[in-house]
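What the coordinates show
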Number of protein chains: 2
Amino acid sequence: MHVIILAGGSGSRLWPISREFYPKQLLKLTDNTSLLQATFERISSFVEPSKIILSTNVELAANVKIQLNKKVIEENVLSEPVSKDTAPAIACSMKFVEKLAKNNDEIVLVVPSDHIIKNISKFADCMKNAENLAKKGYIVTFGVPPVIADTGYGYIETIEDKDVEKINNKAFKVKQFTEKPDKKLAEDYIKSGSHFWNSGMFMFKISTFKEQMSKYMPEIESVLSEIDFDKTTDIPFMSYDKMPNISIDYALMEKSDNIVMLPLESDWKDLGSWEAIYDVKEKDTHGNAIAGKVIAKKCKNSLIFGNSKLVSAIGVNNLVVVETSDAVLVCDKNKTHEVKDVYNDLKKTNNDLYMVHKTVYRPWGYYKCIEQGEGFLTKIIHLSPRQQLSYQMHNHRSEHWVVLSGKAKILLEDKEYVLNPGQSIDIPLKAKHSLQNPFFDDLEIIEVQLGDKLIEEDIIRFKDIYGRENK
Amino acid sequence: MHVIILAGGSGSRLWPISREFYPKQLLKLTDNTSLLQATFERISSFVEPSKIILSTNVELAANVKIQLNKKVIEENVLSEPVSKDTAPAIACSMKFVEKLAKNNDEIVLVVPSDHIIKNISKFADCMKNAENLAKKGYIVTFGVPPVIADTGYGYIETIEDKDVEKINNKAFKVKQFTEKPDKKLAEDYIKSGSHFWNSGMFMFKISTFKEQMSKYMPEIESVLSEIDFDKTTDIPFMSYDKMPNISIDYALMEKSDNIVMLPLESDWKDLGSWEAIYDVKEKDTHGNAIAGKVIAKKCKNSLIFGNSKLVSAIGVNNLVVVETSDAVLVCDKNKTHEVKDVYNDLKKTNNDLYMVHKTVYRPWGYYKCIEQGEGFLTKIIHLSPRQQLSYQMHNHRSEHWVVLSGKAKILLEDKEYVLNPGQSIDIPLKAKHSLQNPFFDDLEIIEVQLGDKLIEEDIIRFKDIYGRENK
C-alpha cells in the first residue's frame, strides 16, 4: 500500500495561530507534536516511509520537510507550484505513485494531514480491512459513527447493499455525500442511523482511480499527460496552472457510483474551529482552557491563549481569546466558525496578517521583523548550520549586521569576513554580499535596514564566488 | 488665588493603558489633550501660571513637564521623592505656596489632575463663588449633583445650615463623606436629595489649612518644619520619607467639622474605569466604541481598543478589549472595577507590566525594548535635541549602536565620534562611553546589548570630560 498525505491546506479557521503559510497541519495543538507529524507517525506504523508521499505546495514544502526531518523521503515531498484544490493535487500524486508502484493493482490510501486520530491500532486494522474492498475495484471511504449532531462536519449517507456486504460485512454502499448541515438537519442525521461523519480519507487501486479520472475528470487527465516524473521531481508550473481548481469531492466523490464506506471507530476528530479546540483541551474547575501568559479572574467556559504578551481576562464567559505576536482574536465560543470571515477580509485587503506570522520560516532558517519605523526596519535572522543566503545586493537600502550568537561568515564584495557574537559589519548600498553559516551551530544576527524603500523585492541575486545561486 | 494640581496618582484602574509611571492624568482619553493638560488649561483660564503648583513625584515629573511644555513654571513642579498619599503631598505644596503668597489670608484651591470638566465658565464661576466661603475660614468642598446611582464615586452628605446659607445661599454644611456605595445604597443616596458626588476638590485659606493641620495632622506638621523651600526646590527624601502615608480625606476631611460644600454644575466626570470611558465615547449603531486597528463582526455594546496590533472581535457583547504593545485586557464591561486587582497582582509579583509601558519616557527622551533573547537585548533609544546620557560603563555587557536618524555624538574612552544614519559603533565591555545629541534634530539609535546580565542596574556613572554627571 502507498499513502498520499495531503498537506497543502491553508489556515483560515484557526487564525490567528494558523496562517496561509503556516496552516493547521503544522500546528502543535494538543501536545508537542504537530498534526502533520502525528499523521506521518500514524501512517508509518503500517507503511514504510518510501511508500509515503507528501502532497504540499511550494510555500509549505520547507516547513513540511523541517517537521518531518529525516523521516520523510525528501523526493516524496511533492510541491504544487501554485495552490489548487485537492483533485489536481491527488491526481499529480497518483501519477507519482504510479512510478513507485510495481503495477496498477497496487492500493493507495489518501489521508488529510490535519486530523486527530487517537486509536492507531484500530485505525490500522480498519485500513487493512479496506484493502479487500479496494482490491475489488471500489473507492473506499471512511465514515465516523457520529457522537453528537455536529454542524462542523460533512456527512456520508449510506444504504445497505448485499454485494458490498458479501465482500465485507461491515461495509455500506454510499448513497450520497452531504455538506455541513444546520443543527436541525444534523440531529435528523444522527437519528437516521445511516449517516456518518466524512473523515475525508479514501482508498482505491491505481487502476480504479485512473478509470474514474478518465470518466469524471478528463480535463485533469489530459493536463496530467504533460507531466513526466521520470524527467523531473518538480511539478511544472505551466502544466499545473492549467488544472481546474476543484476538490476531489466535487470532481469525483459526488459523481461516482462506485463508492463504499467502512465505519472508522478510532476516536477521530477534525479540529476545524477554536470551539473544537476548546472541546478537546483540559479545563480547570470553571471550565476554562488556559495556556501561556494569562491572568484570568472570574472567567468561565473560555479558551484563553496568551502567546507573546500578557493576556488578562476578567469575568468573561464562553469566550475564545487567542493572542499572537501580531494579532488578537476575541470571539464568542459559539461563533468561531466565523473566524474564516476575518481571514478572508484580511486576504481581500492584502493584509499580510492572513498569510504569515511575524516569524517567517524559510528552508534556511527563519526571520522575524522586530521593529519598523520611518526609514528603517529591524529583523532577527536565524540561519541554520550549513545554510547560506544568496549572494545579493540592494538598490534602496544599506544593511547593518550584529552577530548575536553563533559565528557568521560574510562575503562582502568578494572578500570574506568571519564575525563572532558582538561583532558587526556595515553592508553599504549596492554592495554585493552574502550571509553564510558553514559552521555547526545556529547563527543569529540582528539586521538593521536603512533606506527609502524597505521591501523584500529590492534584491538582485548573483552567482556566488563558487558559481552557485541560492535563494 | 493659588491652585495646587495633584498629579502624582498611580495608574491602576485603566491598566493596561495606564501604568504606575504613566497614570491616568497623562492619558489622552477623549481627544488629543491629556487630562492633565486639560486641567492645566482649565485652571489657567482664571489663575495665572505663576500661581499654579503641580504636585507630582520624581517618576512622573519628566512627563508632567513634557506635557505642560513651556506653560508651567518649572520651579512650580514639586516632586515627591517617594510616593505618599495626598495628605503629605498637599501639606508640602501648601508650604511651597506660603513662600509664593503675600500672606496667609490668601486662598488656595486643590484639584485632581485626572477629571473631566466640560463647562469651564460654570466651573470658574463656582470657584469664584467658593472664595467668599473660604475667606470666612471654611474648608470648601465641591459636590456634583448626582445624575445616576453611580457606585464608582464617593458621596458627600449635606445638611442645611443657617450660618453657612447666610454667607452663600447655595452652600451646604457637610455632614459626612462616604465611601463608594453599593448599588442599593447609591440609589438611596440619589433619592435622599442630600447626597452629592465628591469631586475631590477643595479650597481654603492658607491660615485655615495651617490651623487644621495643627489640630488633625500634627505628625505631618512636625516633619514639614524640617523642609525649607527658601533653601531648596527639591523635597528632601530624609524628611519626606518620615511622613505618614495617608490621604487628605482620612487625615483631615473626615475629621474636621469646618467643612461646607458648594454644588458644582459643570458636567464633571471622573473616568475611573473602562466602563466609564465606554460611557463617554461615541458609539456606532450597535453601541460599540472602537478605536485603532480593529476588525469587529456582530459585536454589541463593547469597547474595543487596538493599539499596537490587529484586534479582531466576533460576536462579543458588553465587553471591554484593550490592547497595548505588551498586554491585552479582555473584561466584562460590568466588572472593569476589578482591573485594579490584576494591576495589584502584577505589582505583587514584581511584573513590570504594572509599572511601565514598553516605551519608557525619561527627561532626555525615551527608550523602547524591542526584542530580548538569550544573551541579548535590543532597544530603540530616542534622544531629544540638546540632551545626553551620562558618561558610564557596564561590567556585564557590550553595546552596539546603529544610528537610525539624526546625528550622534559619542564619547568613547575620552575620544569623540560623530555618527550619521547608517553608521555604527561598538562599545566594548567596561569601556567608558556617553551618547549625546548636541544637535538640533532628534536622535534615534538602535542599541544591541550583549552579555550575561542585561539589567538596568549594571551601570557605573562617571563625571564626563566636562566634569558633569548626568542621569
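All values derive from a computational prediction rather than experimental measurement. (Residues numbered from 1 in each chain as written. Chains lettered and ligands numbered in written order. Predicted model: local features only at pLDDT ≥ 70, side-chain atom pairs only at ≥ 80, totals over all residues. Heavy atoms only, no water.)

**Focus on the confidence of the model for chain A**
Looking at chain A, pLDDT values average 91 and 98% of them are 70 or higher. Interface confidence for the predicted complex, expressed as ipTM, amounts to 0.82; the pTM equals 0.84. (pLDDT = per-residue confidence, 0-100.)

**Some thoughts on the interface of chain B and chain A**
Contact with chain B, which involves 50 residues of that partner, is made by 50 residues of chain A. Across the chain B/chain A interface, buried area totals approximately 4,000 Å², and carbon plus sulfur atoms make up 67% of it. Scanning the region where chain B abuts chain A turns up eight salt bridges. Notably, a salt bridge pairs A:K297 with B:D345, separated by 2.8 Å at the nearest N-O pair. (Contact = heavy atoms within 4.5 Å. Buried area = accessible area lost by both parts, 1.4 Å probe. Salt bridge = Lys/Arg side-chain N within 4 Å of Asp/Glu carboxyl O.)

**Topic: the nonpolar core**
Core analysis: the biggest nonpolar cluster contains 95 residues, and B:L54, B:F142, B:M203, B:W274 and B:L435 have the highest contact counts within it. Ranked by residues supplied to this core, first place goes to helix α4 (residues 120–135) of chain B with six residues. B:M203 has contacts with B:M1, B:I107, B:V108, B:L109, B:M127, B:A130, B:E131, B:A134, B:Y138, B:I139, B:V140 and B:F142, leaving out every residue within four places of it along the chain. Judged by nonpolar contacts, the second largest core, of 94 residues, contains A:L27, A:L54, A:M127 and A:Y354. (Core = buried A, V, L, I, M, F, W, Y, C linked by side-chain atoms within 4.5 Å. Buried < 20%, exposed > 50% of the residue type's maximum accessible area, 1.4 Å probe, protein only. Helix = DSSP H or I, 4+ residues; strand = E, 2+ residues; numbered from the N terminus.)

**Considerations on unusual backbone geometry**
Glycine aside, negative phi is the norm for most residues, and most peptide bonds take the trans geometry. Along the chain, A:W15 connects to A:P16 via a cis peptide bond; the corresponding omega equals 10°. Position of A:P16 relative to the elements: it lies in the loop between β1 (2–6) and α1 (35–44). Positioned with a positive phi, A:K430 is a non-glycine residue whose angle comes to about 65°. Along the chain, the position of A:K430 falls in the loop between β24 (424–427) and β25 (433–437). Even without being glycine, B:N350 reaches a positive phi, approximately 55°. With respect to the secondary-structure elements, B:N350 resides in the loop between α12 (339–348) and β16 (359–362). Residue B:N350 is classed as exposed on the basis of its relative accessible area of 65%.

**Some points on the environment of A:L429**
All names here are of chain A. Residue placement: L429 occurs in the loop between β24 and β25. Through-space distance from the C-alpha of L429 to that of H394 is 6.3 Å; in sequence the pair is 35 residues apart. If we ignore the near neighbours within four places in the chain, the residues touching L429 are H394, N395, H396, R397 and S398.

**Looking at the sheet that holds strand β21 (residues 397–405) of chain A**
Residue and element names in this part refer to chain A. Spatial strand order, β16-β17-β18-β26-β21-β24: six strands in an open sheet with antiparallel pairing. On the outer flanks of this sheet lie β16 (359–362) and β24, each paired with one strand and no other. Taking each pair of neighbouring strands and ignoring which way they run, the sheet shows an average axis angle of 20°. Sheet analysis places strand β18 (residues 376–383) next to strand β26 (residues 443–451), joined by eight bridges and oriented antiparallel. Each residue of the ladder has a partner; that of L377, found in β26, is Q449. (Pairing = 2+ DSSP bridges. Axes fitted to C-alpha atoms, helices over the stretch in contact; angles between N-to-C directions.)

**Some words on the relation of the copies chain B and chain A**
Both copies of the chain are related by a screw-like operation: a rotation about an axis and a shift along it. Each copy of the sequence occupies a distinct position, and chain B is placed on chain A by a rotation of 180° and an axial shift of 0.0 Å, giving an RMSD of 0.2 Å. Taken together, the turn and the small shift mark the pair as related by a two-fold rotation axis. Nearest to the rotation axis, the C-alpha of B:I370 is located 3.2 Å from it, this being the minimum over chain B. (Least-squares fit on C-alpha atoms with pLDDT ≥ 70 in both.)

**Description of the sheet that holds strand β17 (residues 365–373) of chain B**
Residue and element names in this part refer to chain B. Read across the sheet, six strands follow the order β16-β17-β18-β26-β21-β24 without closing on themselves; strand pairing throughout is antiparallel. The outermost strands of the open sheet, each flanked by one partner alone, are β16 and β24 (424–427). If you compare each strand with its neighbour and ignore which way they point, the axes differ by 20° on average.

**Looking at helix α2 (residues 58–67) of chain A**
Regarding α2(A), the residues found buried are A:L60, A:A61, A:A62, A:N63, A:V64 and A:Q67. Along its buried surface, α2(A) packs onto α1, β2 (52–57), β3 (77–80) and β16 of chain A.

**What to know about the side chain of B:Q392**
Residues and elements named next belong to chain B. Tracing the chain through its elements places Q392 in strand β20 (residues 391–393). A polar side-chain atom of Q392 sits 2.8 Å from a polar atom in the side chain of S390. Those residues in contact with Q392 that sit more than four places away from it in its chain are A431, K432, H433, I459, I460, R461 and F462. (Polar contact = N/O pair within 3.5 Å; in protein donor to acceptor, adjacent residues only side chain to side chain.)

**Concerning the pattern of salt bridges**
All names here are of chain A. A full pass over the atoms with the stated rule returns 41 salt bridges over all chains. Across the salt bridge formed by E157 and K175, the nearest N and O atoms sit 3.6 Å from each other. Of this pair, E157 sits in strand β7 (residues 155–159) while K175 sits in strand β8 (residues 172–178), and the two are 18 residues apart along the sequence. Across the salt bridge formed by K409 and E416, the nearest N and O atoms sit 3.6 Å from each other. Under the relative-accessibility criterion, K409 is labelled buried at 13%. For E416, a relative accessible area of 45% translates into the label partly exposed.

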